[in-house]
Amino acid sequence: MSSRKELVELFRELTELLTLDEGGPSTFRVRAYENATEALKSTREPLEEMTVSKLTKLEGIGKSTAQKIREYYDTGRIERLEELRAKFPADFVMLARVPGLGPKTLLRLRDELQVANLDDLRAAIAAQKIRPLKGMGAKSEKKLAKAIERIGSKQDRRPIAEALPLAETLVEEVAALPGVEAVQYAGSLRRFRETIADIDLVVASRDAEPIMEFFANMGRVSEVLGRGGTKSSVVTNTGIQVDLRVVEPEQYGAALLYFTGSKAHNIRLRGRALDLGATLNEYGLVELETEKVLASKTEEDIYKALGMQFIAPPLREDHGEVAAAAENALPNLVATEDLRGDLHVHTSYSGDAKSSVAEVVEAASKCGYQYLAITDHGKDLHINGVDEVTHAQIAEEIAALGPKYSDMLLLHGCELNIGKEGELDYSEEQRAKFDLCVASIHSHFDLAPEAQTERLITAMKAPSVRILGHMLARSIGKREGIECGVDAVLEAAKEANVAIEINSGLTRLDAPVEVLRRACEIGNVFAVSSDAHHADHLSSIRFGVRHSHRGWVPRERIVNYWPLAKFKQWLDG
DNA sequence: GCCGTTTTCGGCCCGACTGTTTTCAGTCG
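**Re the overall build of chain A**
Next up, step 1: When you go through chain A residue by residue, the secondary structure sums to 24 helices and 17 strands.
Next up, step 2: Its C-alpha atoms give chain A principal-axis dimensions of about 80 × 65 × 50 Å.
Next up, step 3: Evaluated residue by residue, chain A yields a buried proportion of 50% over its 573 residues.
Next up, step 4: A separation threshold of at least 6 residues defines the contact pool for chain A, and within that pool the share at least 24 residues apart is 66%.
Next up, step 5: Across chain A, the centroid of the 73 positively charged side chains sits 5 Å from that of the 88 negatively charged ones.

Listed below in structure tokens is the structure:
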């Protein structure tokens, strides 16, 4: 683990233990630790080399945190953390993971019943020792017993590829209910995070009851965690928690804003609301003095009333977007309709794809594209690869479709495989016959970082290569991306005028957000690509678009946003 | 613990649901 990552981990633990020490999560000290942890996570400053006074200049980091950072880099440990670890052993901290069991109750269980671990808690429940405690009762005891069962089955965050389809289905089903004027999934899913902990649904309706009724009784519900008049939580039989909230249609924008978050973004917005003499909650932005509702119906209204640009959901992480929006300095983000082409698409010639050349081209035409690159695999990719003869055949098929699609430039491309040493399929002379080459890694994921860096740079030096496909070759939730020197690779890409792909596959979303943001700073160009393996999947490019938003990628840097002439100039350049 | 031209103290985001109460504390997001 890099020392930076470890430092963030230590601060996370510090925050968790401090929450116990403070006896509650909402003390301002705990908040400060949360903020500091977040600051460490998102900053790019070279912390290791910085003095205490320099560190305190960073937002969210004061004297105390700065000293702990220095202490960590100088001695490898943080004294305060050691103290807290001694005070709260790991077995006891484990208990905080039981849903519904917060610090207050936890500390009372320890002080009054000597509960030190999960077994103690089970024994206390079995002996009915919980219910006599003040503020507790038979119901709380039972609830606790049930919650303990869930600690084992409770899944970590789910990959977006698993959660998004379920969320879309739920939205469709709820939208069809009578009285529903609008419905949308919110939360981290709408922010397009790679993994999500639960699905949040926000509904606009004047009659919440039938929606609650439907929601709690859906066939896929395995457990109802809570059911109120306007808010319910369930667990589905695949173990994903879904929260649903119903508001009046006039309040829909405020509710959507509130539940899309992130928490830190919301806090930042509320702070700004207070500066303007107003308060912001899930029902609206309300002027404090007059109690007049300033905005509530749409998110756009609220951002406007707060005196800032609309902030796209993927940006709402409190990574500087609020300040940027107030200064009218957000990047111009690309919309799916803005894209003029797709530069990474497979046909059934690639063993792992399903649609014919004609079907893929027709689908691209329906997307309204001005250009399309068909990029079946090179021959080095065993099983799914395509040899020279077959590629010549593909070229003919594409050429034959030219007259029918005269308003679309059809390119015969190839997705080359980057070998262990950075070698590519075919000879450079043969590669030059392709209109466009994407080069991607499909194997040898565990090489040393230096070797991976060299490998990518070598591949990009081939003059035919114009796009670096799914840069880290990760699979979200399954496989970490390769380790490499990101800056060196991005610099080399810039030098070679190679675009960094923004791969739209929900299991890929590669290059990752941190790489995209770094690439923006370095000055790279990008290609948002579907990597579709079926004609129906060209539309998944919309996911890549949302991922590009998360990376703050300005549309001016996206080669397939460019008009045909400019795109061709880049392609031939 | 952090922050700041209403600065070095006194603020710091806001509400639903549950289970226990009979006006509220704890938890969660």
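**Some remarks on the sheet that holds strand S5 (residues 221-227)**
Next up, step 1: Taken in spatial order, the five strands make up an open sheet running S2-S4-S7-S6-S5, and their pairing is mixed. Of all the strands in the sheet, just strand S2 (180-185) and S5 have a single pairing partner and so form its edges. Neighbour-to-neighbour, the strand axes of the sheet open up by a mean angle of 20 degrees, direction not taken into account.
Next up, step 2: The pairing of S2 with strand S4 (residues 198-205) spans five bridges and is antiparallel. Note on S4: the bridge partner recorded for Val 183 is Val 203.
Next up, step 3: In the packing of helix H13 (residues 252-260) onto the sheet, the strands contacted are S2, S4 and strand S7 (241-247), and the crossing angle to S4 comes to about 175 degrees.

**Some details on the packing of aromatic side chains**
Next up, step 1: Tallied over the full model, the rule gives eight aromatic pairs.
Next up, step 2: Ring centres of Tyr 258 and Phe 259 lie 4.7 Å apart, and the angle between their planes is 80 degrees; this geometry places the pair in the edge-to-face category.
Next up, step 3: Residue classification places Tyr 258 among the partly exposed positions, given a relative accessible area of 30%.
Next up, step 4: A residue is classified by how much of its surface remains accessible, and Phe 259, at 18% relative accessible area, is buried.
Next up, step 5: With a centroid separation of 5.6 Å and 85 degrees between ring planes, the pair formed by Tyr 303 and Phe 310 is classed as edge-to-face.
Next up, step 6: Given the relative accessible area of 34%, Phe 310 is considered partly exposed.
Next up, step 7: Directly above the aromatic system of Tyr 561 lies the positively charged group of Arg 340, at a separation of 5.3 Å from the ring centroid.
Next up, step 8: Sitting over the face of the ring of Trp 552, Arg 517 holds its NZ or CZ atom 4.2 Å from the ring centroid.

**Quick look at the domain arrangement of chain A**
Next up, step 1: Segmentation of chain A into domains returns domain 1 (3-88), domain 2 (92-153), domain 3 (158-247), domain 4 (256-326) and domain 5 (336-572).
Next up, step 2: In this structure, domain 1 and domain 5 have C-alpha centres spaced 40 Å apart.

**Considerations on the protein's contact with DNA strand B**
Next up, step 1: Taken together, 42 residues are adjacent to DNA strand B, and Gly 60, Ser 140, Tyr 258, Arg 270 and Thr 279 come closest.
Next up, step 2: For DNA strand B, the backbone makes up 77% of the atoms found within 4 Å of the protein, where backbone means sugar plus phosphate.
Next up, step 3: With respect to DNA strand B, the backbone of Gly 60 contributes an N or O atom lying 2.5 Å from a phosphate oxygen.
Next up, step 4: Ser 140 places a polar side-chain atom, nitrogen or oxygen, 2.6 Å from a phosphate oxygen of DNA strand B.
Next up, step 5: Broken down by secondary-structure element, the contributors of at least two residues to the surface near DNA strand B are helix H2 (28-42), helix H4 (63-75), helix H7 (103-113), helix H9 (138-153), S5, helix H14 (263-275) and strand S8 (278-281).
Next up, step 6: With five residues, the top contributor of residues to the surface near DNA strand B is H2.
Next up, step 7: When the residues that make up the surface near DNA strand B are grouped by side-chain class, the tally is 14 nonpolar, 16 polar and 12 charged.

**A short note on the pairing of strand S17 (residues 526-529)**
Next up, step 1: Going residue by residue along S17, you find Phe 526 and Val 528 tucked away on one face and Ala 527 and Ser 529 tucked away on the opposite face as well.
Next up, step 2: Where strand S16 (residues 499-503) meets S17, four bridges bridge the pair, whose relative direction is parallel. Bridging across to S17, Asn 503 finds its partner in Ser 529.
Next up, step 3: A crossover connection joins S16 to the parallel S17 through helix H22 (residues 513-522); in handedness this β-α-β unit is right-handed.

**Notes on the pattern of salt bridges**
Next up, step 1: Following the criterion strictly, the structure yields 38 salt bridges and no others.
Next up, step 2: Ionic pairing is found between Arg 131 and Glu 141, a salt bridge with its closest N-O pair at 2.8 Å. On the criterion of sequence distance, the pair formed by Arg 131 in the loop between helix H8 (118-126) and H9 and Glu 141 in helix H9 is long-range, its members being 10 residues apart.
Next up, step 3: Owing to a relative accessible area of 31%, Arg 131 belongs among the partly exposed residues under this scheme.
Next up, step 4: The class for Glu 141 is buried, based on a relative accessible area of 3%.

**Considering the sheet that holds S8**
Next up, step 1: Within the open sheet, the three strands sit side by side as S8-S9-S10. Their pairing is antiparallel. Every other strand in the sheet has two partners, leaving S8 and strand S10 (293-295) as the edge strands with one partner each. Taking the axes of each pair of neighbouring strands and ignoring which way they run, one obtains an average angle of 35 degrees across the sheet.
Next up, step 2: Note that S8 and strand S9 (residues 284-287) share four bridges and pair antiparallel. Of the residues in S9, the one forming a bridge with Leu 280 is Leu 285.

**Focus: the environment of Gly 239**
Next up, step 1: Of note, Gly 239 is situated in the loop between strand S6 (231-236) and S7.
Next up, step 2: Residues Gly 239 and Arg 220, spaced 19 residues apart in sequence, show a C-alpha to C-alpha distance of 9.9 Å.

**Describing the side chain of Arg 431**
Next up, step 1: Note that Arg 431 resides in helix H19 (residues 428-431).
Next up, step 2: A polar side-chain atom of Arg 431 sits 3.1 Å from the main-chain carbonyl oxygen of Asp 425.
Next up, step 3: A polar atom in the side chain of Arg 431 sits 2.9 Å from the backbone oxygen of Tyr 426.

**Observations regarding helix H23 (residues 541-550)**
Next up, step 1: Across the 10 residues that make up H23, a large majority, nine, are buried.
Next up, step 2: Trp 552 occupies a position one or two residues after H23 and carries a positive phi of about 60 degrees.

**Description of the side chain of Arg 546**
Next up, step 1: Relative to the elements of secondary structure, Arg 546 occurs in helix H23.
Next up, step 2: Glu 168 provides the closest opposite charge to the buried, salt-bridge-free Arg 546, at an N-O distance of 5.4 Å.
Next up, step 3: In this structure, Arg 546 is in contact with Tyr 185, Leu 189, Arg 190, Phe 192 and Pro 314, ignoring residues within four places of it in sequence.

**Here's the deal with the packing of helix H21 (residues 486-495) against H22**
Next up, step 1: Where H21 contacts H22, the axes come no closer than 10 Å and their chain directions differ by 50 degrees. Classed by the angle they form, the pair H21 and H22 counts as oblique. At the point where H21 passes H22, the crossing takes the right-handed sense. Taken together, the residues of H22 that come into contact with H21 (itself represented by Val 486, Asp 487, Leu 490, Glu 491 and Lys 494) are Val 515, Arg 518, Ala 519 and Ile 522.
Next up, step 2: Among the residues making up the contact of H21 with H22, the classes are represented as five nonpolar, no polar and four charged.

Calculation notes
Residues numbered from 1 in each chain as written. Chains lettered and ligands numbered in written order. Predicted model: local features only at pLDDT ≥ 70, side-chain atom pairs only at ≥ 80, totals over all residues. Heavy atoms only, no water. Helix = DSSP H or I, 4+ residues; strand = E, 2+ residues; numbered from the N terminus. Buried < 20%, exposed > 50% of the residue type's maximum accessible area, 1.4 Å probe, protein only. Contact = heavy atoms within 4.5 Å. Lys, Arg positive; Asp, Glu negative; His and termini not counted. Charge placed at Lys NZ, Arg CZ, Asp CG, Glu CD. Pairing = 2+ DSSP bridges. Axes fitted to C-alpha atoms, helices over the stretch in contact; angles between N-to-C directions. Phe/Tyr/Trp six-rings, centres within 6.5 Å; stacked < 30°, edge-to-face > 60°. Lys NZ or Arg CZ within 6 Å of the ring centre and 35° of its normal. Domains from an automatic or database assignment. Near = heavy atom within 4 Å. Polar contact = N/O pair within 3.5 Å; in protein donor to acceptor, adjacent residues only side chain to side chain. Nonpolar A, V, L, I, M, F, W, Y, C, P; charged D, E, K, R; others polar. Right-handed = clockwise from strand over helix to strand, strands pointing away. Salt bridge = Lys/Arg side-chain N within 4 Å of Asp/Glu carboxyl O. Parallel < 35°, antiparallel > 145°, perpendicular 65-115°, else oblique. Left-handed = near helix turned anticlockwise from the far one by under 90°.

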